[in-house]
Amino acid sequence: GAVLSDVASQAVNSTVGTATTGVIAANGTWPANELASIVAWNGYGYLTEPNMGSGGEVEQFTISTTAGLTVGTSVPAGVAPYAIDAATVNSVDAIVVFSADTTVRLFGNTPQLTLESTLTTGLTNITPLGTVQTKNTSQGSALGGWPLRIIGSGTAVGTVGVLSSYDKVLDFLTINATNVLSWPANAYVAVPGNPYMIAPDPTHGAFIVASADTTNGLTTLQSISATPPYTATTITPNPAVAVGFLASGILVSDDGTRIYMSGFNAFDSAKSAGRSIVLYRQ
């Protein structure tokens with residue numbers, strides 16, 4: 001059948017992840033190989049460096065076509081940071097990091113990486129990584145995945161979406177004009193099914209949420225407005241998603257009319273049928 005753990009690992013940009021070492025440890029302990037995530041934006045790369053014992057960091061490096069990569073100074077980022085995204089908000093490169101204790105931090109690149117704002121109370125409706133590990137003793141990483149994306153333009157500019165596959169909720173955070181990160185009251189929506197991945201859709205001021213139908217090996221899509229009342233609309237793609245196809249990557253076109261997905265045949269244990277499809281939203 002479908003292996004949701006594979007796509008759950010992809011959902012947080014994991015560089016390592018299996019049933020026993022990665023996002024979630026099947027035996028309820030911390031992973032032997034800690035999760036790292038990476039994002040590139042505007043000529044820079046940002047890499048999370050989790051350290052379960054003494055806190056984690058985010059490291060910046062400059063991307064140059066002539067000089068390669070130049071590593072910058074790392075900045076503390078709390079407990080096991082592992083989900084990261086970057087976008088230009090308020091004319092500044094904004095880097096948002098979600099950590100294992102559900103704390104979210106906003107960094108700015110000016111051009112040095114600096115901490116701008118922290119949600120000190122964390123996202124209280126999302127279960128911390130350690131608790132999920134303990135409860136997932138038989139399911140491995142099947143319920144893991146905490147992807148984070150930023151909307152960098154349009155009517156919902158500065159909105160951050162954090163999806164918890166385990167809790168099946170999509171939280172909406174905001175970056176205001178003075179670069180303060182906040183979680184407005186009731187700024188979340190419950191997501192049915194098995195959600196595991198999101199993509200920003202700036203044109204429609206929304207996030208596209210991908211869910212896994214593990215019975216049929218099928219990716220289903222919803223568009224959820226990033227502004228109140230957070231209306232959700234099921235997307236009927238054209239052409240239809242092929243049976244057996246589970247997406248491991250998702251991207252929305254600039255004009256919001258096309259959704260690009262890459263993935264594999266969910267019923268092929270060797271994942272030998274990797275492919276990409278283009279869908280037109282209806």
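I will try to describe carefully the structure that is included in this document.

Conventions we followed
- Starting from 1, residues in each chain are numbered consecutively following that chain's sequence as written.
- Since the coordinates come from a predicted model, pLDDT governs what is reported: local features require at least 70, and pairs of side-chain atoms require 80 or more to be given and counted, while whole-chain, interface and lining totals use all residues.
- Side-chain metrics in this entry use all non-hydrogen atoms of the structure; hydrogen atoms and water are not considered.
- Residues belong to one nonpolar core when they are buried, are Ala, Val, Leu, Ile, Met, Phe, Trp, Tyr or Cys, and are joined through side-chain atoms within 4.5 Å.
- Only protein chains enter the area calculation, which uses a 1.4 Å probe; residues under 20% of their type maximum are buried, those over 50% are exposed, and those in between are partly exposed.
- Secondary structure elements are taken from DSSP: a helix is a run of H or I of four residues or more, a strand is a run of E of two residues or more, and numbering for both begins at the N terminus.
- Any two residues having at least one pair of non-hydrogen atoms within 4.5 Å are treated as being in contact.
- Only strands joined by at least two bridges in the DSSP assignment are considered to pair.
- Interaxial angles span 0 to 180 degrees and are taken between N-to-C directions of axes, which are lines fitted to C-alpha atoms, for helices over the stretch in contact.
- Any N or O atom pair separated by 3.5 Å or less is treated as a polar contact, with the protein-specific requirement of one donor-capable and one acceptor-capable atom, and with residues adjacent in sequence counted only for side-chain atom pairs.

1. Topic: the nonpolar core
In globular proteins that are soluble, nonpolar side chains generally tend to be buried together.
So, step 1. Core analysis: the largest hydrophobic core is formed by 26 residues, its most contacted members being Phe 98 and Val 160.
So, step 2. Counting only elements with at least two residues in this core, the list comes to β6 (81-89), β7 (92-99), β8 (104-109), α2 (129-135), β10 (148-150), β11 (159-164) and β12 (169-175).
So, step 3. For this core, the leading source of residues is β6, giving 4 residues.
So, step 4. If we skip the residues at most four places from it in the chain, Phe 98 touches Pro 81, Tyr 82, Ala 83, Thr 103, Val 104, Leu 123, Ile 126, Trp 146, Leu 148 and Val 162.

2. So, the sheet that holds β6
So, step 1. One open sheet accounts for 4 strands, arranged β6-β7-β8-β9; its pairing is antiparallel. Pairing within the sheet leaves two strands with one partner each, and these edge strands are β6 and β9 (113-119). Each strand axis lies, on average, 25 degrees off the axis of its neighbour in the sheet, ignoring direction.
So, step 2. Here 6 bridges tie β7 to β8, and the two strands are oriented antiparallel to one another. Counted as the bridge partner of Val 96 is Leu 106 from β8.

3. Side note on the sheet that holds strand β15 (residues 195-201)
So, step 1. What the 4 strands build is an open sheet, ordered β15-β16-β17-β18; its pairing is antiparallel. Every interior strand has two partners, whereas the edge strands, β15 and β18 (232-234), have only one. Across this sheet, the average inter-strand angle for adjacent strands is 30 degrees, counted without regard to direction.
So, step 2. For strand β17 (residues 218-225) and β18, the ladder comprises 3 bridges, and the chain directions are antiparallel.

4. A closer look at the side chain of Gln 60
So, step 1. Mapped onto the elements of the fold, Gln 60 is located in strand β3 (residues 56-64).
So, step 2. With relative accessibility at 5%, the residue Gln 60 sits in the buried group.
So, step 3. Within the structure, Gln 60 has its side chain in polar contact with the backbone oxygen of Pro 111 (distance 3.0 Å).
So, step 4. Aside from chain neighbours lying at most four places away, what touches Gln 60 is Tyr 44, Gly 45, Tyr 46, Thr 70, Val 71, Gly 72, Thr 73, Asn 109, Pro 111, Gln 112 and Leu 113.

The values reported here are purely geometric and, on their own, carry no functional implication.
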